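Structural overview
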Amino acid sequence: MENIVIAGAGQGGLQAAISLRQDGFTGRITLIGGEKGLPYQRPPLSKTYLKSGDAAALRLRPATFFAKSDIELIDGLWVDHIDRKAQIVQAGDRVFPYDHLILATGTRNLRPPIPGRDRALDLRTLEDASRLRAALERPKRCAVIGGGFIGLEFAAVAALLGHAVTIAEAAPRLMARAVSPAMSEQFRALHHDLGTATYLNAPVTEVTEDGITLQDGTVISADVVLVAAGVRPNTQLAEAACLPVDNGIVVDACLLTQDPAISALGDCAVFPDPNTGRPIRLESVQAATDHARLIARRITGKSCDPYAAVPWFWSDQADAKLQIAGLAGPDDEALTGADGTVWRFAGDRLSAVETVNNAKTHMQARKRLAGAPIDRASLVAAGMDINAV
Ligand SMILES: Cc1cc2nc3c(=O)[nH]c(=O)nc-3n(C[C@H](O)[C@H](O)[C@H](O)COP(=O)(O)OP(=O)(O)OC[C@H]3O[C@@H](n4cnc5c(N)ncnc54)[C@H](O)[C@@H]3O)c2cc1C
């Protein structure tokens, strides 16, 4: 194989290029990113960057790295077409032939179809974050549409910077897709203690010049409105190329699409959960970078093992570091230990562990989840406090 093209120069796309070189690939690597500038990390955009404004600190690699590693980085160029038969991608008026194509196109923000939504700001790119930072230069009333990770991280920073913050969440609890009801409640209390007002079961029906309106008619005054209502995977290229797409680009356990010359990774890829076989799509740095490493190993012939990494995730909100190891289904049982750790079970099998400021238990959980399935009795036998509350 001579020629690898990577569409999307975010966390996973860059890691794929790095890992290919580390694993000994000597052919040409072309990394094409739609955003301008060097690849950067997104997690700090809703955390430290809002306070520091230090964009240089977000860069994943310096400019010199690309020349040194013989990786051709083309920024500010959107890939707009894949010709699978000819094995070329088109980007503007340029054409790039490939022997293997890696789709690493990530996600875009979901903007719910509510009147006035154009008045609300987004938080996905560095450009979004710097706009939001500028809007917070003076004391403001901020309304956040969406009580998921990004909305809550922003809310915590804004409250600590002295802004008056209100969160409106359509679901009955915060971070409902990702954590147990007990953990949602711990974080609702945390934001309450920061002085933030949280409205649950509260879909927003309009963004006005003065703020937001909730479905029950409540009007919340705000100078800055952030919409953080989830994302959609960027599957348009794959779809137009007639690759299967179902809430993401469908790949097998080795992250190959139906076309053996095209892989997909990270936020845009749907792959079989190693534990349950059900199709899942993860939005995390860990998944994107682990996917990239697996694809590089497969392409360089180092290993053909299917993807089996234990998912893990973190979110920093004020002084609380939430860490999640594993992946729980929505109906998995939740048992809370005395230290606030939440143990999730699918039947009798441990599926996930949610901790706050408890790196030790999080790391232990990752190790345990990487081994053979664990049941409650073996956790208790190992001295774990899984059911104190
Ligand atoms: C504000 C914020 C906070 C986050 N916090 C956390 C966190 O605390 N922990 C965590 O694990 N994860 C966090 N995430 C999620 C994490 O950043 C993503 O899961 C990770 O970046 C996924 O990597 P990726 O390579 O799949 O996608 P991305 O890093 O999003 O990269 C995709 C890139 O592809 C480009 N692209 C798309 N289409 C094209 C095209 N046609 N041509 C060329 N380029 C294209 C996009 O512009 C983008 O730069 C956060 C995300 C955001 C936005």
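Residues numbered from 1 in each chain as written. Predicted model: local features only at pLDDT ≥ 70, side-chain atom pairs only at ≥ 80, totals over all residues. Heavy atoms only, no water.

1. Quick look at the nonpolar core
Rule in force here: Only buried residues count toward a nonpolar core. Its members are Ala, Val, Leu, Ile, Met, Phe, Trp, Tyr and Cys residues joined through side-chain atoms within 4.5 Å. Throughout this description, buried means an accessible area under 20% of the type-specific maximum (1.4 Å probe, protein chains only), exposed means over 50%, and partly exposed covers the range between. The secondary structure listing takes helices from DSSP runs of H or I that are at least 4 residues long and strands from runs of E that are at least 2 residues long, numbered from the N terminus. Any two residues whose heavy atoms approach within 4.5 Å are treated as being in contact.
In terms of nonpolar packing, the biggest core is built from 53 residues, with I6, I82, V89, I102 and L103 touching the most fellow members. Ranked by residue count, the leading element in this core is helix α8 (residues 285–299), at six residues. Leave out the neighbours within four places in its chain, and I6 touches G13, A16, A17, I29, T30, L31, I32, I102 and A104. Counting residues in hydrophobic clusters, the runner-up holds 35 residues, among them L50, A155, V157 and V165.

2. Quick word on the side chain of D122
Here is the rule: Under the rule applied, a polar contact is a pair of N or O atoms within 3.5 Å (in protein, one hydrogen donor and one hydrogen acceptor; residues adjacent in sequence only if both atoms are side-chain atoms).
As for its placement among the helices and strands, D122 is situated in the loop between β8 (107–109) and α4 (126–135). There is a polar contact of 3.0 Å between the side chain of D122 and the side chain of N109. Of note is the side chain of D122, whose polar atom sits 2.6 Å from the side chain of R111.

3. Focus on the pairing of strand β2 (residues 28–33)
We apply this condition: Call a crossover right-handed when, viewed with both strands pointing away from you, the route from the first strand across the helix to the second goes clockwise. What makes two strands pair is DSSP finding at least two bridges between them.
Where burial is concerned, most of β2 is hidden: five out of the six residues are buried. One crossover worth recording links strand β1 (residues 3–7) to the parallel β2 by way of helix α1 (residues 11–22), and it is right-handed. With five bridges joining them, β2 and strand β3 (residues 71–75) adopt parallel strand pairing. When the sheet's bridge partners are listed, I32 is paired in β3 with I74.

4. Digging into the site of the ligand
Selection criterion: When we say a residue is near a molecule or strand, we mean one of its heavy atoms is within 4 Å of it. Note on residue classes: Ala, Val, Leu, Ile, Met, Phe, Trp, Tyr, Cys and Pro are nonpolar, Asp, Glu, Lys and Arg are charged, and everything else, Gly too, is polar. Boundaries between domains were set according to an automatic or database domain assignment.
Surveying the vicinity of the ligand reveals 32 residues, the closest of which are G12, E35, K47, V79 and D267. With respect to the ligand, the backbone of A104 contributes an N or O atom lying 3.4 Å from an oxygen atom. Within the backbone of V285, one N or O atom sits 3.0 Å away from an oxygen atom of the ligand. Mapped by element, the contributors of at least two residues to the shell around the ligand are α1, β2, α8 and β21 (312–317). When grouped by side-chain class, the residues that make up the shell around the ligand number 13 nonpolar, 13 polar and six charged. Residue-level mapping places the shell around the ligand at the junction of two domains, with at least three residues from each of domain 1 (3–108 + 231–299) and domain 2 (111–227).

5. Observations concerning the packing of α1 against α8
Stated formally: Axis angles are defined between N-to-C directions and span 0 to 180 degrees, where every axis is a line fitted to C-alpha atoms and, for a helix, only to the segment in contact. Left-handed describes a crossing in which the near helix is turned anticlockwise from the far one by less than a right angle; the clockwise case is right-handed.
Close contact between α1 and α8 brings their axes to 8 Å; oriented N to C, the two are set at 35°. Two packed elements cross with a definite hand, and for α1 against α8 that hand is right-handed. Side by side, α1 and α8 meet where Q11, G12, Q15, A16, S19 and L20 of the first sit next to V285, A288, T289, A292, R293, A296 and I299 of the second. When the residues that make up the contact of α1 with α8 are grouped by side-chain class, the tally is seven nonpolar, five polar and one charged.

6. Comments concerning the domain arrangement of the protein chain
What counts here: The term buried area refers to how much accessible surface (probe radius 1.4 Å) is lost by two components on association, counted for both of them together. We define a salt bridge as a side-chain nitrogen of Lys or Arg found within 4 Å of a carboxyl oxygen belonging to Asp or Glu.
Domain parsing of the protein chain yields domain 1 (3–108 + 231–299), domain 2 (111–227) and domain 3 (319–388). Summarising the inter-unit geometry, the C-alpha centres of domain 1 and domain 2 are found 30 Å apart. Listed as interface residues are 19 residues of domain 1 and, on the opposing side, 14 residues of domain 2. For the domain 1 and domain 2 pair, buried surface summed over both sides reaches about 1400 Å², with 63% attributable to carbon and sulfur atoms. The largest per-residue losses of area from domain 1 upon contact with domain 2 belong to S46, Y49 and L50, which jointly make up 40% of the total buried on that side. Where domain 1 meets domain 2, there are one salt bridge.

7. Thoughts on helix α9 (residues 359–370)
For clarity, the cut-off: Residue count minus one, scaled by 1.5 Å, sets the expected span of a helix. Directions are taken from the helix axis to each C-beta atom, and the arc is the one they span.
Compared with the 16 Å implied by 1.5 Å per residue over twelve residues, the 17 Å span of α9 between its first and last C-alpha is a close match. Within α9, burial applies to T361, H362, A365 and L369. On an axial view of α9, the arc spanned by its buried residues comes to 100°, and they lie on one face. Residues K360, K367 and A370 are exposed on α9 and point more than 90 degrees away from its buried face. Check the buried side of α9 and you find it contacts β21, β22 (320–326), β24 (342–346) and β25 (349–356).

8. Quick notes on the layout of surface pockets
By rolling a water-sized probe across the atoms, one finds the places where empty space is left. Selection rule: Cavities and pockets are found on a 1 Å grid laid over the protein atoms alone: a cavity is a set of points where a 1.4 Å probe fits but cannot escape, a pocket is an open set with protein on both sides within 12 Å along at least five of seven lines, and a lining residue has an atom within 4 Å of such a point. Grid points are joined across faces, edges and corners, and a volume is the space filled by probe spheres set on the points.
In this model, the second largest pocket occupies a volume close to 250 Å³. Along the wall of the second largest pocket there are 19 residues; nearest its centre are N275, V310, R349, L369 and A370. Elements represented by at least two residues in the lining of the second largest pocket include exactly β25 and α9. A breakdown of the residues in the lining of the second largest pocket according to their chemical character gives twelve nonpolar, four polar and three charged. Taken domain by domain, the lining of the second largest pocket gets at least three of its residues from each of domain 1 (3–108 + 231–299) and domain 3 (319–388).

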